[in-house]
Amino acid sequence: MNEPHWEQLEDDWEDHLIEYSMDVMHPADAEEFRRQLSECHVHVKLADQYMQVVGWLGTAAASVEPPAGHKSRLMSRIASTTQEQATATAAGGPLSAALPPVTPITFMPQLHPEAAAPPQVENAETLPYNVTSLGEARRRKGLSRNVALLSSVAAAVVILLGAAWLYSLLSKPYIPAGWNTLALQPRNGALQNSAVVLLMNNDRNDAVLVAGNLDPLPTGEVYELWFMPQTGVANPAPVAAVAFVPNAGGAAKENVKAPSNLSAYSAVAVTVEHSFVNAPTTKPVLVGQNTAP
Amino acid sequence: METLYDRYVRQCFGLALRLVGEPALAEEVVQEVFTKLWSKPQSYSSQKGAFVSWLLSLVHHRSVDELRRRSRTEVPLDTDEPTSILNTTADPQPDPGDQVWLAEQQQIVRQALRQLPENQRLVLELSYFGGFSQSQIATKLGQPLGTVKTRMRMGLQNLRTQLEPRGLLSD
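Below or above, wherever it landed, is the structure these notes cover. The structure displayed is predicted, hence computed values, not measured ones.

### A closer look at the overall build of chain B
For step 1, the next point in the chain: Secondary structure assignment for chain B yields seven helices and zero strands.
For step 2, the next point in the chain: Seen in sequence order, chain B has helices and strands lined up from the N terminus as α-α-α-α-α-α-α.
For step 3, the next point in the chain: Across the 171 residues in chain B, those meeting the buried criterion constitute 56%.
For step 4, the next point in the chain: In chain B, the proportion of contacts linking residues at least 24 apart, taken out of those at least 6 apart, comes to 68%.
For step 5, the next point in the chain: In the structure as shown, chain B presents an accessible area of about 6,900 Å², 47% of it carried by carbon and sulfur atoms.

Take a look at the structure:
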């Protein structure tokens, strides 16, 4: 049986899903909808897609700097907050693949037969802990200590893995498929503290230049981005892309349409010009090698 | 957590402020979201899509919850006429490095919204940023409920069509 696609969703169910995704459904109805959703894996997948689209709507809101002290207050709050232990069998969680599978306790194998069946109690009313003998009580107490020790170790592992997972989210910025990044490096002693990146989409010949910590320019002068053709082409001259001026904070962002296939250019460069020109008049202050396929 | 905060807090706070309308309340919403993220890091999985969209979903949900808790069923609006989210200023100072893609994502989503028919964008904005249910939107706009439902369905499907080729949606 084929899985239903977006276009095949029943309208009523889809309308409910929309309201659920938009958080405008009554909480009690939302709880019931969530329960029904959890019982149908086919609709769960479609609902995930729907909620992803809705989730992106949040990025359309303007970014705003929070009030002073917000970060320090949050860090203080977090410092007194414990992290929940992740169960190793939790499906789809980021830690589920990293955690080792749960294995039975094997260092006290003699307990396994007892664990499979309830203990035989001669007189449950006089044995408050429902054990058959003092020896059994001692074994269970030892098991409790071992379980507590194992839980502490597991908690430490979970915390470390949680930190590693959080770090992994930060080790690379999220770059969607089809896009490559090209970092431009300072040249000729200029812009040593700058951070300039060109995001390129070879399929669409689109690019976005994002820069920070650029030195301010004298009035009238501009930075200009160039595409450098590969060696051996008929016309090896640099191709002018865009002129830009950083803001007061040294940041700049420009959308760039490449004149032809981006993969035809071996490098990009930035020069300082008196205005937008068709041929560079100064040495580059930034250069990046295009290693994208 | 500090780096996650530095990377995403401005978008989170901006969305919360847009929804609840009060800086102090928005601040509390963002604090609770990040605290929850810290206490339950396993609550996110790649199956839920991009981390930033999932995080902003938490902010949206918490903001709406907070408004309900304070017995407000609708997000406060400055005027009777809703202000399109596209009329607000996008982040004017994109930061490079880690913030590179966040600024581009905002541009992509705003562009996708611009390309929607006006009537579809309006109902989506009223619902997501205004907190209105479909029936409330129908009443507010003086339109049949069925029309509002159809426009919301078409709007979201059109958005999906635009966002999917950009790699913003995971399978």
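From this point, things continue past the structure.
### A closer look at the overall build of chain A
For step 1, the next point in the chain: The secondary structure content of chain A amounts to six helices and eight strands.
For step 2, the next point in the chain: N-terminal to C-terminal, the α/β element order of chain A is α-α-α-α-α-α-β-β-β-β-β-β-β-β.
For step 3, the next point in the chain: When each of the 293 residues of chain A is scored for burial, the buried share is 37%.
For step 4, the next point in the chain: Counting only contacts in chain A whose residues sit at least 6 apart along the sequence, the fraction spanning at least 24 positions is 58%.
For step 5, the next point in the chain: For chain A, the accessible surface area stands at approximately 16,600 Å², while carbon and sulfur atoms represent 57% of it.

### Notes on helix α2 (residues 27-38) of chain A
Residues and elements named next belong to chain A.
For step 1, the next point in the chain: For α2, with twelve residues, the first-to-last C-alpha span of 16 Å sits near the 16 Å given by 1.5 Å per residue.
For step 2, the next point in the chain: Residues Ala30, Phe33 and Leu37 constitute the buried set of α2. Along the axis of α2, the buried residues cluster in a sector spanning 65 degrees; they form a single face.

### Comments concerning the packing of aromatic side chains
For step 1, the next point in the chain: Evaluation of the coordinates by the stated rule reveals ten aromatic pairs over all chains.
For step 2, the next point in the chain: On the numbers, 5.7 Å between centres and 25 degrees between planes, the contact of Tyr223 of chain A with Phe244 of chain A is stacked. Remark: Phe244 of chain A occurs in strand β5 (residues 239-244) and Tyr223 of chain A occurs in strand β4 (residues 222-229); sequence separation between them is 21 residues. As far as the burial class goes, Tyr223 of chain A and Phe244 of chain A line up, both buried.
For step 3, the next point in the chain: Connected via pairs of aromatic rings, a cluster forms that spans Tyr8, Tyr44, Phe51 and Trp54 of chain B.

### A closer look at the pattern of salt bridges
For step 1, the next point in the chain: Taken as a whole and judged by the stated rule, the model has twelve salt bridges over all chains.
For step 2, the next point in the chain: Between Arg153 of chain B and Asp15 of chain A there is a salt bridge, and its shortest N-O distance comes to 2.8 Å. Of this pair, Arg153 of chain B sits in helix α7 (residues 145-163) while Asp15 of chain A is found in helix α1 (residues 11-21), placing the two residues in two different chains.
For step 3, the next point in the chain: Residue classification places Arg153 of chain B among the buried residues on the basis of a relative accessible area of 11%.
For step 4, the next point in the chain: Here Asp15 of chain A falls in the buried class, since its relative accessible area comes to 5%.
For step 5, the next point in the chain: Its salt-bridge partner being Glu27 of chain B, residue Arg73 of chain A comes within 2.3 Å of it at the nearest N-O pair. With one member in each of two chains, Arg73 of chain A in helix α4 (residues 70-79) and Glu27 of chain B in helix α2 (residues 23-39) form a pair that bridges those chains.

### Quick look at helix α5 (residues 118-128) of chain B
For step 1, the next point in the chain: Of all eleven residues making up α5 of chain B, eight are buried, and the element is well covered by its neighbours.
For step 2, the next point in the chain: Listing the buried residues of α5 of chain B in full gives Gln120, Arg121, Val123, Leu124, Glu125, Leu126, Ser127 and Tyr128 of chain B.

### A short note on the sheet that holds β5 of chain A
Residues and elements named next belong to chain A.
For step 1, the next point in the chain: In spatial order, the strands read β5-β4-β7-β8-β1-β2-β3-β6; together these eight strands make up an open sheet with antiparallel pairing. Single-partner strands in this sheet number two, and they are β5 and β6 (252-257). Across the sheet, the mean angle separating the axes of adjacent strands is 20 degrees when strand polarity is ignored.
For step 2, the next point in the chain: Inspection of the sheet shows strand β2 (residues 195-201) paired to strand β3 (residues 206-212) by seven bridges, in the antiparallel sense. The partner of Leu198 across the bridge, within β3, is Leu209.

### Digging into the side chain of Asp23 of chain A
For step 1, the next point in the chain: Within the secondary structure, Asp23 of chain A is located in the loop between α1 and α2.
For step 2, the next point in the chain: Polar contacts involving the side chain of Asp23 of chain A include one to the side chain of His61 of chain B, which spans 2.9 Å.
For step 3, the next point in the chain: If we skip the residues at most four places from it in the chain, Asp23 of chain A touches Ser57, His60, His61, Val64 and Arg68 of chain B.

### Comments concerning the packing of α5 of chain B against α7 of chain B
Relative orientation and spacing of two packed helices are given, respectively, by the angle between their axes and the distance between those axes.
Residues and elements named next belong to chain B.
For step 1, the next point in the chain: Two elements in contact, α5 and α7, have axes whose closest approach is 8 Å; the angle formed by their N-to-C orientations is 95 degrees. One finds that α5 runs roughly perpendicular with respect to α7. Contacts between α5 and α7 pair Asn119, Gln120, Val123, Leu124 and Ser127 from the former with Val148, Arg151, Met152, Met154, Gly155, Leu156, Asn158 and Leu159 from the latter.
For step 2, the next point in the chain: Considered class by class, the residues forming the contact of α5 with α7 number seven nonpolar, five polar and one charged.

### As for the side chain of Ser194 of chain A
All names here are of chain A.
For step 1, the next point in the chain: With respect to the helices and strands, the residue Ser194 is situated in the loop between β1 (179-186) and β2.
For step 2, the next point in the chain: Of the residues examined, Ser194 reaches a relative accessible area of 13% and is grouped as buried.
For step 3, the next point in the chain: Separated by 2.8 Å, the side chain of Ser194 and the backbone oxygen of Leu191 make a polar contact.
For step 4, the next point in the chain: When neighbours within four sequence positions are excluded, Ser194 is seen to be in contact with Pro186, Gly212, Asn213, Leu214 and Leu286.

So, how was this worked out
Residues numbered from 1 in each chain as written. Chains lettered and ligands numbered in written order. Predicted model: local features only at pLDDT ≥ 70, side-chain atom pairs only at ≥ 80, totals over all residues. Heavy atoms only, no water. Helix = DSSP H or I, 4+ residues; strand = E, 2+ residues; numbered from the N terminus. Buried < 20%, exposed > 50% of the residue type's maximum accessible area, 1.4 Å probe, protein only. Contact = heavy atoms within 4.5 Å. Areas by Shrake-Rupley, 256 points an atom, 1.4 Å probe, with all protein chains shown as cover. Expected span 1.5 Å × (residues − 1). Arc of directions from axis to C-beta. Phe/Tyr/Trp six-rings, centres within 6.5 Å; stacked < 30°, edge-to-face > 60°. Salt bridge = Lys/Arg side-chain N within 4 Å of Asp/Glu carboxyl O. Pairing = 2+ DSSP bridges. Axes fitted to C-alpha atoms, helices over the stretch in contact; angles between N-to-C directions. Polar contact = N/O pair within 3.5 Å; in protein donor to acceptor, adjacent residues only side chain to side chain. Parallel < 35°, antiparallel > 145°, perpendicular 65-115°, else oblique. Nonpolar A, V, L, I, M, F, W, Y, C, P; charged D, E, K, R; others polar.

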